[in-house]
Amino acid sequence: MIAPRDEVDVIVAAWQRERPDLDVAPLEVLSRLDRLAGVLGERRAAILARHGLRRHEFDVLAVLRRAGRPFELTAGELSAGTYVTSGTMTSRLDGLTERGLVTRAADREDGRLVRVALTVAGRRIIDAAFEELVEAERELLGPLSADARAALAGTLRVLLATATSEPSETMAR
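Conventions used here
- Residues numbered from 1 in each chain as written.
- Predicted model: local features only at pLDDT ≥ 70, side-chain atom pairs only at ≥ 80, totals over all residues.
- Heavy atoms only, no water.
- Patch = residues over 30% accessible without salt bridge, like charges linked within 9 Å, V, L, I, M, F, W, Y side chains within 5 Å.
- Areas by Shrake-Rupley, 256 points an atom, 1.4 Å probe, with all protein chains shown as cover.
- Salt bridge = Lys/Arg side-chain N within 4 Å of Asp/Glu carboxyl O.
- Helix = DSSP H or I, 4+ residues; strand = E, 2+ residues; numbered from the N terminus.
- Buried < 20%, exposed > 50% of the residue type's maximum accessible area, 1.4 Å probe, protein only.
- Core = buried A, V, L, I, M, F, W, Y, C linked by side-chain atoms within 4.5 Å.
- Contact = heavy atoms within 4.5 Å.
- Pairing = 2+ DSSP bridges.
- Axes fitted to C-alpha atoms, helices over the stretch in contact; angles between N-to-C directions.

This next bit is on a nonpolar patch on the surface. There is a patch of nonpolar side chains on the surface, built from Val29, Leu30, Leu33, Leu36, Leu141, Leu144, Leu152, Leu156 and Leu159 and spanning about 690 Å² of accessible area. Looking at the nonpolar patch, the elements that each hand over two or more residues are helix 2 (25-50) and helix 7 (146-162). Looking at the element boundaries, Leu33 is found in helix 2.

This brings us to the pattern of salt bridges. With the rule as written, the count across this model stands at 19 salt bridges. Taking the shortest distance from any N to any O, the salt bridge between Arg43 and Glu139 comes out at 3.4 Å. Of the two residues, Arg43 sits in helix 2 while Glu139 sits in helix 6 (residues 120-140), which places them 96 residues apart along the sequence. Taking the relative accessible area as the measure of exposure, Glu139 reaches 55% and is therefore exposed. One salt bridge in this structure joins Asp127 and Arg123, with 3.7 Å as the shortest N-O distance. Of this pair, Asp127 and Arg123 are both found in helix 6, four residues apart, which corresponds to roughly one turn of the helix. Owing to a relative accessible area of 26%, Arg123 belongs among the partly exposed residues under this scheme. Bridged by salt links that share partners, the residues Asp6, Asp9, Glu28 and Arg32 form one connected network.

Note that soluble globular proteins tend to have their nonpolar side chains buried in a common cluster. Phe58, Leu61, Leu64 and Leu78 are the most contacted members of the largest nonpolar core, which totals 24 residues. Secondary structure elements with two or more residues in this core: helix 2, helix 3 (55-66), helix 5 (86-98), strand 3 (114-118) and helix 6. No other element matches helix 3, which puts six residues into this core. Not counting chain neighbours up to four residues away, the residues in contact with Leu61 comprise Leu53, Leu96, Leu101, Val102, Leu118, Gly122 and Ile126.

So, about the sheet that holds strand 1 (residues 72-74). With antiparallel pairing, the three strands of this open sheet are ordered in space as 1-3-2. For this open sheet the edge positions go to strand 1 and strand 2 (102-106), each flanked by a neighbour on one side alone. Strand-to-strand twist across the sheet, computed as the mean angle between neighbouring axes with direction ignored, equals 25°. Against the sheet, helix 5 contacts strand 2 and strand 3, and its axis sits at roughly 120° relative to strand 2.

Attention now moves to the environment of Leu61. Looking at the secondary structure, you find Leu61 in helix 3. Put simply, Leu61 and Leu118 are 57 residues apart on the chain and 7.0 Å apart in space, counted from C-alpha to C-alpha.

Remember that the coordinates give geometry; whether it matters functionally is a separate question.
Structural data, given as structure tokens:
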């Protein structure tokens, strides 16, 4: 299947014309990934909004849901699982607790720890939002065959495993 030309083709052609001295091949992949990330982000935000959630709330509920029964973790484990500071997690948990989506209680064995549990209402919301999210993402990947999806997942896994936020030292010169 030959894909139609897209806006990245236009951008790449313009850069090739204007800067023939540069190899702009990375744009072929990464500009498309960037645009797809934008589409995906918009889809996810719309789905979460339909369920009354913001992205950070979804993240906390999803970590609890994936933990399995009894759907409970310490606040520290949640912070680590969502890559935020303990102060940020406290703020997020305040809102989720007020909405009745999680409960907080002192740990029975170590009173310094706070255990956070998903409520029935929280589980209902996260399950519904996640089901819709998976379906929307399946739709986004619809044009690809199962083999193409598997190959793409493997290729992106390699890129992600080696990617860092900082350019290499040779780029800094």
